[in-house]
Amino acid sequence: MPENKRRFKVKIANEVYTIIGKAEPDHMAAVVKIVEEQLAEIKELMPSLNNEKAAILLAINAVSDQLYKQEELLKLKQAEPKE
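Because the structure is a prediction, the values reported are computed rather than measured. (Residues numbered from 1 in each chain as written. Predicted model: local features only at pLDDT ≥ 70, side-chain atom pairs only at ≥ 80, totals over all residues. Heavy atoms only, no water.)

Student: Describe helix H2 (residues 51-79), naming the residues involved and giving the relevant values.
Tutor: Given a rise of 1.5 Å per residue, 29 residues ought to cover 42 Å, and the 42 Å separating the end C-alpha atoms of H2 matches this to within 8%. The backbone nitrogen of Glu52 lies 3.1 Å from a side-chain oxygen of the residue at the head of H2, namely Asn50. (Helix = DSSP H or I, 4+ residues; strand = E, 2+ residues; numbered from the N terminus. Expected span 1.5 Å × (residues − 1). Polar contact = N/O pair within 3.5 Å; in protein donor to acceptor, adjacent residues only side chain to side chain.)

Below, the structure is given as C-alpha cells:
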C-alpha cells in the first residue's frame, strides 16, 4: 500500500466495506456515521427503496451539496480584495 494510506473496514447498511485512503480514523468514523444517518433518513422517507437505490440517492445528494459548496467557495474567493 502506498505511503500515508490507511485501510479501514467499515460497516454500512449491514455490509462490510474496505476503504483505503489518507483519512484519519476519526475522520473516517465521522464519514461513516453521517452516511449511516443519511441512509436511514432516506429509507425512512422511502421505505420501499432497496439499499442500492438509497445509496444512489445519497450519492446524488452528496455531489449536489459538494457542487453548491464549491460555487460558494468560488464566490467567496472572487469577492476577496485583491492585493
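After that view of the structure, there is still more to cover.
Student: Talk me through the pairing of strand S1 (residues 6-12); I want residue IDs and the actual numbers.
Tutor: The pairing of S1 with strand S2 (residues 15-21) spans seven bridges and is classified as antiparallel. Paired with Ile12 across the two strands is Glu15, which belongs to S2. Hairpin connection between S1 and S2: a loop of two residues separates the two successive antiparallel strands, and Ala13 in this loop has a positive phi of roughly 55°. (Pairing = 2+ DSSP bridges.)

Student: Now, about the packing of helix H1 (residues 25-45) against H2: what can you tell me, with residues and values included?
Tutor: Two elements in contact, H1 and H2, have axes whose closest approach is 9 Å; the angle formed by their N-to-C orientations is 115°. Considering the relative orientation of H1 and H2, their crossing is right-handed. Each of Val35, Gln38, Leu39, Ile42 and Lys43 in H1 lies in contact with H2, whose residues at this interface are Asn51, Ala54, Ala55, Leu57, Leu58 and Asn61. The residue inventory of the contact of H1 with H2, partitioned by class, reads seven nonpolar, three polar and one charged. (Axes fitted to C-alpha atoms, helices over the stretch in contact; angles between N-to-C directions. Left-handed = near helix turned anticlockwise from the far one by under 90°. Contact = heavy atoms within 4.5 Å. Nonpolar A, V, L, I, M, F, W, Y, C, P; charged D, E, K, R; others polar.)

Student: Provide a residue-level description of H1, including the pertinent values.
Tutor: Between its first and last C-alpha, H1 extends 30 Å over 21 residues, near the 30 Å set by a 1.5 Å rise per residue. Considered for burial, the residues of H1 that qualify are Met28, Val32, Leu39 and Ile42. In an axial view of H1, the angular spread of the buried residues amounts to 95°, which keeps them on one side of the axis. Exposed side of H1, more than 90 degrees from the buried face: Asp26, Lys33, Glu41, Glu44 and Leu45 are the residues found there. Tucked into the core, H1 has its buried residues touching S1, S2 and H2. (Buried < 20%, exposed > 50% of the residue type's maximum accessible area, 1.4 Å probe, protein only. Arc of directions from axis to C-beta.)

Student: Any details on a nonpolar patch on the surface? Residues and values, ideally.
Tutor: A surface patch of nonpolar side chains, amounting to about 460 Å² of accessible area, comprises Leu45, Met46, Ile56, Leu57 and Ile60. If one sorts the elements of the nonpolar patch by residue count, H2 sits on top with three residues. The topology assignment puts Met46 in the loop between H1 and H2. Relative accessible area serves as the criterion here: at 36%, Met46 is assigned to the partly exposed category. (Patch = residues over 30% accessible without salt bridge, like charges linked within 9 Å, V, L, I, M, F, W, Y side chains within 5 Å. Areas by Shrake-Rupley, 256 points an atom, 1.4 Å probe, with all protein chains shown as cover. Salt bridge = Lys/Arg side-chain N within 4 Å of Asp/Glu carboxyl O.)

Student: Break down the nonpolar core for me, with residues and values.
Tutor: Among the nonpolar cores identified, the biggest contains eleven residues, and these are Phe8, Val10, Ile12, Ala23, Met28, Val32, Leu39, Ile42, Leu49, Ala54 and Leu58. The set of elements that each furnish at least two residues to this core consists of S1, H1 and H2. Ranked by the residues each element gives to this core, the list is headed by H1, at four residues. If we ignore the near neighbours within four places in the chain, the residues touching Ile42 are Leu49, Ala54, Leu57, Leu58 and Asn61. (Core = buried A, V, L, I, M, F, W, Y, C linked by side-chain atoms within 4.5 Å.)

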